[in-house]
Amino acid sequence: EAEVAQSPRYKITEKSQAVAFWCDPISGHATLYWYRQILGQGPELLVQFQDESVVDDSQLPKDRFSAERLKGVDSTLKIQPAELGDSAMYLCASSRQDSTYNEQFFGPGTRLTVL
Amino acid sequence: SQQGEEDPQALSIQEGENATMNCSYKTSINNLQWYRQNSGRGLVHLILIRSNEREKHSGRLRVTLDTSKKSSSLLITASRAADTASYFCATVDTGRRALTFGSGTRLQVQP
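Residues numbered from 1 in each chain as written. Chains lettered and ligands numbered in written order. Predicted model: local features only at pLDDT ≥ 70, side-chain atom pairs only at ≥ 80, totals over all residues. Heavy atoms only, no water.

Draft legend 1. Structural detail: the overall build of chain B. When you go through chain B residue by residue, the secondary structure sums to zero helices and eleven strands. Start at the N end of chain B and walk to the C end: the helices and strands fall as β-β-β-β-β-β-β-β-β-β-β. Judged by the C-alpha coordinates and their principal axes, chain B covers about 45 × 25 × 20 Å. Long-range contacts, defined here as pairs at least 24 residues apart, represent 55% of the contacts in chain B between residues at least 6 apart. Surface summary for chain B: the accessible area is close to 5100 Å², and the carbon and sulfur share equals 44%. (Helix = DSSP H or I, 4+ residues; strand = E, 2+ residues; numbered from the N terminus. Contact = heavy atoms within 4.5 Å. Areas by Shrake-Rupley, 256 points an atom, 1.4 Å probe, with all protein chains shown as cover.)

Draft legend 2. Structural detail: the nonpolar core. Met21, Leu32, Trp34, Leu74, Ile76, Tyr87 and Leu107 of chain B are the most contacted members of the largest nonpolar core, which totals 21 residues. Counting only elements with at least two residues in this core, the list comes to β3 (19-24), β4 (29-37), β5 (43-50), β7 (61-66), β8 (71-76), β9 (85-93) and β11 (105-110) of chain B. Once residues within four sequence positions are removed from consideration, isoleucine 76 of chain B is found in contact with Glu17, Asn18, Ala19, Met21, Arg60, Leu61, Asp83, Tyr87 and Leu107 of chain B. Val4, Val19, Cys23 and Val47 of chain A belong to the second largest nonpolar core, which has 20 residues in total. (Core = buried A, V, L, I, M, F, W, Y, C linked by side-chain atoms within 4.5 Å. Buried < 20%, exposed > 50% of the residue type's maximum accessible area, 1.4 Å probe, protein only.)

Draft legend 3. Broad picture of the sheet that holds strand β1 (residues 6-7) of chain B. Residue and element names in this part refer to chain B. Strand order in the open sheet formed by five strands is β1-β3-β8-β7-β6, with antiparallel pairing between adjacent strands. Strands at the two margins of the open sheet, each flanked by one partner only, are β1 and β6 (55-58). Bridge count for β1 against β3 is two bridges, and the pairing is antiparallel. Of the residues in β3, the one forming a bridge with aspartate 7 is asparagine 22. (Pairing = 2+ DSSP bridges.)

Draft legend 4. Geometry of the pairing of strand β6 (residues 53-56) of chain A. All names here are of chain A. Here three bridges tie strand β5 (residues 44-50) to β6, and the two strands are oriented antiparallel to one another. Within β6, the position partnered with phenylalanine 49 by the bridge is valine 54. Taking the residues between adjacent antiparallel strands as the criterion, β5 and β6 are bridged by two residues, where aspartate 51 takes a positive phi near 55°.

Draft legend 5. Focus on the environment of valine 109 of chain B. Residue placement: valine 109 of chain B occurs in strand β11. Among residues more than four places away in sequence, those in contact with valine 109 of chain B are Ile13, Gln14, Glu15, Ser79, Arg80, Ala81, Asp83 and Thr84 of chain B.

Draft legend 6. Layout of the packing of aromatic side chains. Residue and element names in this part refer to chain B. Throughout the structure, instances matching the rule amount to eight aromatic pairs over all chains. Aromatic pair phenylalanine 88 and phenylalanine 101: ring centres 6.4 Å apart, planes at 85°, arrangement edge-to-face. Taken together, the residues span a long stretch of sequence, with phenylalanine 88 in strand β9 and phenylalanine 101 in strand β10 (residues 99-101) at a distance of 13 residues. Like phenylalanine 88, the residue phenylalanine 101 is buried in the burial classification. (Phe/Tyr/Trp six-rings, centres within 6.5 Å; stacked < 30°, edge-to-face > 60°.)

Draft legend 7. Representation of the pattern of salt bridges in the model. With the rule as written, the count across this model stands at six salt bridges over all chains. In this structure, the salt-bridge partner of aspartate 86 of chain A is arginine 64 of chain A, at a minimum N-O distance of 2.6 Å. Here aspartate 86 of chain A is found in the loop between β8 (75-79) and β9 (88-95), whereas its partner arginine 64 of chain A is found in the loop between β6 and β7 (65-68), with 22 residues between them in sequence. Here aspartate 86 of chain A falls in the buried class, since its relative accessible area comes to 2%. Judged by its relative accessible area of 11%, arginine 64 of chain A is buried. A salt bridge links aspartate 83 of chain B to arginine 60 of chain B; the shortest N-O distance between them is 2.9 Å. (Salt bridge = Lys/Arg side-chain N within 4 Å of Asp/Glu carboxyl O.)

Here is the structure:
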């Protein structure tokens, strides 16, 4: 069964350092999402891609976060510089473009700890 | 921002009992979905109910939706220890595709 891949699974970094997370969606899924989940809360959308284009990045802290999906397949989310408050689980999800009701498939996530 | 609240925040039951979780939301929706998350893992889609549906079943899961009250409930019947997880409702708002999640219910099923 096809799955969304993410790496790394865990990342520990010091504040002010740069970090990057990678996501490979299910083959054929045109829509890709990055969510951030703080411990004890539900995920919150950071950025949504349709193919290689950003559809929604209204909640992305653009002074330090960036995301790209250059060829419309895999995607990278970067934080530079990392702050203590960025410690969270970063989840990637994908869905089919023709999915009327938009069931999303999630990867295992990257757990980020900023020291 | 979170769509709304889930109730209860935490629930502990014995194996074989039923578990009911409630979700409230704030906006006009296209559909509402329920996801499960095992500790420290990604989310798994459980069931989807459209805005024009009132009730839906899938195996041991039963979901209801009341759009007039902007609320939904998830019932898990005959619970098992393996059902221990966090459960989140998520809405797809009218005109959007991204999910807006609730705050989740942590379910503990004691063997």
